[in-house]
Amino acid sequence: MREFFESKAGKQLAVLASGSSLLWIIGLLWHGTFFGWLRPLGDGTIAVLFLTFIIPGAASFIYSLLRILDLRKEMLRQEEQGKRAHWIATHDHLTRLPNRYAFEKFEIVKPATEDDDNLVPTATIFSVDLDSFKKVNDLVGHQGGDRLLQEVAKRLSAFAEESCVFRLGGDEFIVIARGLVPEKDEKFANLLIHALSRPIHIGPISCQVGASVGYARWPEHGHELQDVCHRSDIALYEAKSAGANIALRFSEEMQLKVTARAKLEGELRTAITEGRIEPFYQPLIDLRSGKVCGFEALARWTLDDGTGVSPQLFIPIAEETGLMTPLFLQLLKTACENARSWPEDVSLSFNVSAVQMDDRLLVSRILEILDDAGLPPSRLEVEITENALIRDPDLAAAIIGDLHNAGIQIALDDFGTGYSSLAQLARYQFDKIKIDKSFVRSAREHDDRHEKIVQALLMMSQGLDVKTTVEGIEDNTQLAYFLRAGCDIGQGYLFGKAMPFSDTMSYLRDRAEILKTA
């Protein structure tokens, strides 16, 4: 009750009740003066009764009127709050663009007008994803990244109606262009890319991001908006795979490719669970002595029908789907157990994926497997590609340092094909450099420019006291060239293809016999 009288309605009631009581008392004292016209109807009792009814009635009417006015104000306030809540629920607070929820409720067909009666409604859905946004975000910080997204939203909004540009999350946007003819779709997509590729100034820093665009048409590629959006996403994925600042239109071939990839992903999960992906071993030959100094473990997956799946196909899928770590641990465990059967001077070389260089537990995982297998750390060589070093240079340096301190050898794989930098050789502790096989082919083709690059790489490694391995030696001409150049270790089909563990022991025996008779 106390809460009621402290409210606005209670205070109004108290005021009206007090005022009514005061008026009733005044009327009672002077009712003869005010209500003299009632005397013919009887004595003063009639006047008192009239006074008693008229004053509370008037007060009740006034109170009801005040409550109606307050109720109307409350309804308007709640309506405004409802609109505000709906706006918040359907818009991104950073860019103020409609969000994913608004996109799901979007009506792709506008109400028809008299001028549109003879037109068939069409629309093109453009899926936009920024290129290199993470790098820029790391450069300018999260607040700078937010300002960049706001500028991107502003630029996209210049190309379509206000309600037709959506931010789905992160750096993903949707642009819907109604009534765009098919011949202009590509031009429109390229205009989007051009607009987003222009420099964006964030304080004193000039940032530049590109964009990949995939697009599909309604109703040509689906009658439901969500279906068309899914197909534009498929085209976007293909565009990002093709490179930066690419726009691609959805095609049925893309759908078939995605379906096949999804099927392969499911089979990959099963294969990892059942342990059907095995390490094969390609020999590494000491070019000075001709002896086998190690084997590189290579993942091999054979399907039930006997066909093999290329690592270039299933390794990227494993990296993208989070399957790389369980696959890596499984293969490394098997390889370390197998390597224990080889002579002590034969090492195991094993590749580490770029995504695994983000794993702070990588070193402890490797050491645990070595301990369980009983293989000394000095017999393991970890191969790391150049591209893996640029994801997080500080973390990569820490991981390489910990591996080195544990006695594990480190090789820089595919040197000369990625983000080659002399600073990498100075910063990281490498024991070996692997020259990519693309340079080996130049020895056969007598490419002077490539030969000079190879010679420079070999001279540099010799100056740093780092061994070199040359991949892809396939004939004696190439072998003779790299022997003269002073390369340390060779690898390629000339020495042997990747083989199952069961063949490695016989290979070692046969190689030893060849060297005895040589």
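Note that the structure is predicted; figures quoted are calculated from it, not measured. (Residues numbered from 1 in each chain as written. Predicted model: local features only at pLDDT ≥ 70, side-chain atom pairs only at ≥ 80, totals over all residues. Heavy atoms only, no water.)

### Here's the deal with the packing of helix α12 (residues 362-373) against helix α13 (residues 393-405)
What counts, and what does not: Angles here are taken between N-to-C directions and fall from 0 to 180 degrees, while the axes themselves are lines fitted to C-alpha atoms, restricted in helices to the stretch in contact. Only DSSP runs of H or I covering at least 4 residues are called helices, and only runs of E covering at least 2 are called strands; the numbering of each starts at the N terminus. These descriptions rest on fixed angle ranges, namely under 35 degrees for roughly parallel, over 145 for roughly antiparallel, 65 to 115 for roughly perpendicular, and the rest for oblique. Left-handed describes a crossing whose near helix is turned anticlockwise from the far helix through less than a right angle; right-handed describes the clockwise counterpart. The contact definition used throughout considers only heavy atoms, calling two residues in contact when any of these lie within 4.5 Å. Residues are sorted three ways: Asp, Glu, Lys and Arg are charged, Ala, Val, Leu, Ile, Met, Phe, Trp, Tyr, Cys and Pro are nonpolar, and all the rest, Gly among them, are polar.
Axis separation between α12 and α13 bottoms out at 9 Å; the angle between their running directions is 25°. By the angle between their axes, α12 is roughly parallel relative to α13. Handedness of the crossing formed by α12 with α13: right-handed. Where α12 approaches α13, its residues L362, V363 and I366 are matched on the opposing element by I399, D402 and L403. The class makeup of the residues in the contact of α12 with α13 is five nonpolar, no polar and one charged.

### Quick notes on the packing of helix α8 (residues 225-242) against helix α9 (residues 252-274)
Put simply, α8 and α9 touch, their axes get as near as 10 Å, and they point 80° apart. Taken as axis vectors, α8 and α9 run roughly perpendicular relative to one another. Contact residues: H230, R231, I234, A235, Y237 and E238 in α8; M254, Q255, K257, V258 and R261 in α9. Within the contact of α8 with α9, the residues separate by chemical class into five nonpolar, two polar and four charged.

### Regarding the pattern of salt bridges
Using the following cut-off: A pair is scored as a salt bridge if a Lys or Arg side-chain nitrogen falls within 4 Å of a carboxyl oxygen belonging to Asp or Glu. Relative accessibility under 20% of the residue-type maximum defines a buried residue, over 50% an exposed one, and the middle range a partly exposed one, all with a 1.4 Å probe and only protein chains included.
By the definition in use, this model includes 22 salt bridges. K434 is paired through a salt bridge with E296; the nearest N and O atoms lie 3.1 Å apart. With K434 in strand β14 (residues 432-435) and E296 in strand β9 (residues 292-302), this pair connects stretches of sequence that are 138 residues apart. Of the two residues, K434 and E296, both sit in the buried class. When the shortest N-O distance is used, the salt bridge between D359 and R365 registers 2.7 Å. Three or more residues joined by partner-sharing salt bridges are found here, namely D185, R217, E220 and R249.

### Quick look at the side chain of S212
Here is the rule: Nitrogen and oxygen atoms within 3.5 Å of one another constitute a polar contact, given that in protein one can donate a hydrogen and the other can accept it, and given that sequence-neighbouring residues count only through two side-chain atoms.
Here S212 lies in strand β6 (residues 210-218). Given the relative accessible area of 0%, S212 is considered buried. Of note is the side chain of S212, whose polar atom sits 3.0 Å from the side chain of D131. Discounting chain neighbours no more than four positions away, the residues touching S212 are S127, V128, D129, D131, L236, A239, K240, G243, N245 and I246.

### Considerations on helix α10 (residues 311-320)
The condition is simple: The directions from the helix axis to the C-beta atoms are what the arc is built from.
Within α10, the full set of buried residues consists of P311, F314, I315, I317 and A318. The buried residues of α10 occupy an angular sector of 160° when projected down its axis, which confines them to one face. The exposed set on the far side of α10, more than 90 degrees from its buried face, consists of Q312 and E320. Buried-residue contacts for α10 involve α9, β8 (277-286), β9, β10 (308-309) and α11 (324-339). Positive backbone phi, at 80°, marks G322, one or two positions downstream of α10.

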